[in-house]
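Architecture and fold: a report
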Amino acid sequence: MQALFNPETTSKVRLTAKSSVRKPILQLGSVGAEVLELQKLLAHCGTYTGPMGGYFDRSVHDAVMEFQQSMFLKADGIVDSLTWQALYQGAPVNMPVLNRGSRHDMVIPVQWVLHLTQDYSAPIDGDFGEQTERAVRSFQKRHGLVEDGVVSEQTWYALSQVHVSLLHNSYHDALVAV
């Protein structure tokens, strides 16, 4: 499989995005040009399909929550600086490096996504042990990443892309079932 990540190009884009994000906090009821920009960014990410009217309604809120979840952010529907950064970068931001022995609250979403991709079948317990490391290596191999068993920037990005894909497939399946 072709690699999902080009470290040279992506790091330049991310550096620019991090230094230029100065946007207002947006939430239900917000209106204006920033909301329109948000709607366009969410549409580009594939989480928003509603009208581009510059009004932060329930459909925008739900799209923001879906995007936040896919980027491993707190899914509260409020667009803060971290959400803006993730929108511009199209990737998770400020993520910890996780490896064997890590006991971080972000191990659970990693195990959850690896379970969804069928790389991980052990209990989702937040303990980055041997089975989690093996699952990360398997995932990395399939996605053309360095197989080091460490969840760093490139692996976080690849996990977020799988997560987005799975969310869209679940949404599509729900629509077809209706």
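For the structure, see preceding data.
Description of the structure in this document. (Residues numbered from 1 in each chain as written. Predicted model: local features only at pLDDT ≥ 70, side-chain atom pairs only at ≥ 80, totals over all residues. Heavy atoms only, no water.)

Quick look at the packing of helix H2 (residues 33-45) against helix H3 (residues 58-70)
Put simply, the test is: For helices, the fitted line uses only the C-alpha atoms of the stretch in contact; every axis is such a line through C-alpha atoms, and the angle between N-to-C directions lies from 0 to 180 degrees. Helix numbers and strand numbers start at the N terminus; a helix is a DSSP run of H or I with at least 4 residues, a strand a run of E with at least 2. Angles below 35 degrees are treated as roughly parallel, those above 145 as roughly antiparallel, those between 65 and 115 as roughly perpendicular, and all remaining angles as oblique. What makes a crossing left-handed is the near helix being turned counterclockwise from the far one by less than a right angle; a clockwise turn instead makes it right-handed. Whether two residues touch is decided by their heavy atoms; if any such pair falls within 4.5 Å, the residues are in contact. The residue classification treats Ala, Val, Leu, Ile, Met, Phe, Trp, Tyr, Cys and Pro as nonpolar and Asp, Glu, Lys and Arg as charged. All others, Gly included, are polar.
Relative orientation of the contacting elements H2 and H3 amounts to 50 degrees, with a least axis distance of 11 Å. When the axis of H2 is compared with that of H3, the two are oblique. Between H2 and H3 lies a crossing whose hand is left-handed. Facing Leu 38, Gln 39, Leu 42 and Cys 45 of H2, the residues of H3 in contact are Val 60, Ala 63, Val 64 and Phe 67. Classifying every residue of the contact of H2 with H3 by side-chain character gives 7 nonpolar, 1 polar and no charged.

Things to note about the environment of Asp 148
Let me state the cut-off plainly: Whenever two N or O atoms come within 3.5 Å, that pair is a polar contact, provided that in protein one can donate a hydrogen and the other can accept it, and provided that, for residues adjacent in sequence, both atoms are side-chain atoms.
With respect to the helices and strands, the residue Asp 148 is situated in the loop between helix H6 (130-142) and helix H7 (153-177). Separated by 15 residues in sequence, Asp 148 and Glu 133 place their C-alpha atoms 8.5 Å apart. Setting aside residues up to four positions removed in sequence, Asp 148 forms contacts with Glu 133, Arg 137 and Gln 140. A distance of 3.0 Å separates a polar side-chain atom of Asp 148 from the backbone nitrogen of Val 150.

Structural notes on the nonpolar core
Condition: Among the buried residues, those of types Ala, Val, Leu, Ile, Met, Phe, Trp, Tyr and Cys that are joined through side-chain atoms within 4.5 Å form a nonpolar core. Here the term buried applies to any residue with accessible area under 20% of the maximum for its type, exposed to any over 50%, and partly exposed to those in between, with areas from a 1.4 Å probe on protein chains only.
In this structure, Phe 72, Leu 98, Val 110, Leu 114, Val 151, Trp 156 and Leu 159 are the most contacted members of the largest nonpolar core, which totals 20 residues. Sorting the residues of this core by element identifies helix H5 (107-116), H6 and H7 as the ones contributing at least two each. The residues touching Val 151, leaving out its near neighbours within four places in the chain, are Pro 96, Val 97, Leu 98, Val 110, Phe 128, Val 136, Trp 156 and Leu 159. Among the nonpolar cores identified, the runner-up in size contains 17 residues, and Val 35, Leu 38, Phe 67 and Val 79 belong to it.

Quick notes on a nonpolar patch on the surface
Convention followed: Grouping into patches uses exposed residues only, defined as over 30% relative accessible area, and leaves out salt-bridged ones; the cut-off is 9 Å for like charges and 5 Å for nonpolar side chains (Val, Leu, Ile, Met, Phe, Trp, Tyr). Here the accessible surface of atoms and residues is derived via Shrake-Rupley with a 1.4 Å probe, and residues count as covered only by protein chains that are part of the display. When a carboxyl oxygen of Asp or Glu lies within 4 Å of a side-chain nitrogen of Lys or Arg, that pair is called a salt bridge.
There is a patch of nonpolar side chains on the surface, built from Ile 108, Trp 112, Leu 116 and Ile 124 and spanning about 310 Å² of accessible area. Positionally, Ile 108 belongs in helix H5. What makes Ile 108 partly exposed here is its relative accessible area of 40%.

Things to note about the packing of aromatic side chains
Applicable threshold: Note on aromatic contacts: the rings of Phe and Tyr and the six-membered ring of Trp form a pair at centre separations within 6.5 Å, being stacked when their planes are under 30 degrees apart, edge-to-face when over 60 apart, and tilted otherwise. For a Lys NZ or an Arg CZ to count as sitting over a ring, it must be within 6 Å of the ring centre and within 35 degrees of the ring normal.
Taken as a whole, this structure holds 2 aromatic pairs when the rule is applied. When the centroid spacing of 5.0 Å and the interplanar angle of 65 degrees are considered together, the rings of Phe 72 and Trp 156 count as edge-to-face. Within this pair, whereas Phe 72 is found in the loop between H3 and helix H4 (81-89), its partner Trp 156 is found in helix H7, the two being separated by 84 residues in sequence. With a relative accessible area of 9%, Phe 72 lands in the buried category. When the ring of Trp 84 is compared with that of Tyr 88, the centres are 6.1 Å apart and the planes differ by 25 degrees; the resulting orientation is stacked. In this pair, Trp 84 and Tyr 88 are both assigned in helix H4, 4 residues apart and thus about one turn of the helix distant. By relative accessible area, Tyr 88 is classed as partly exposed at 30%. Above the face of the Trp 84 ring, Lys 23 is positioned so that its terminal group lies 5.8 Å from the ring centre.

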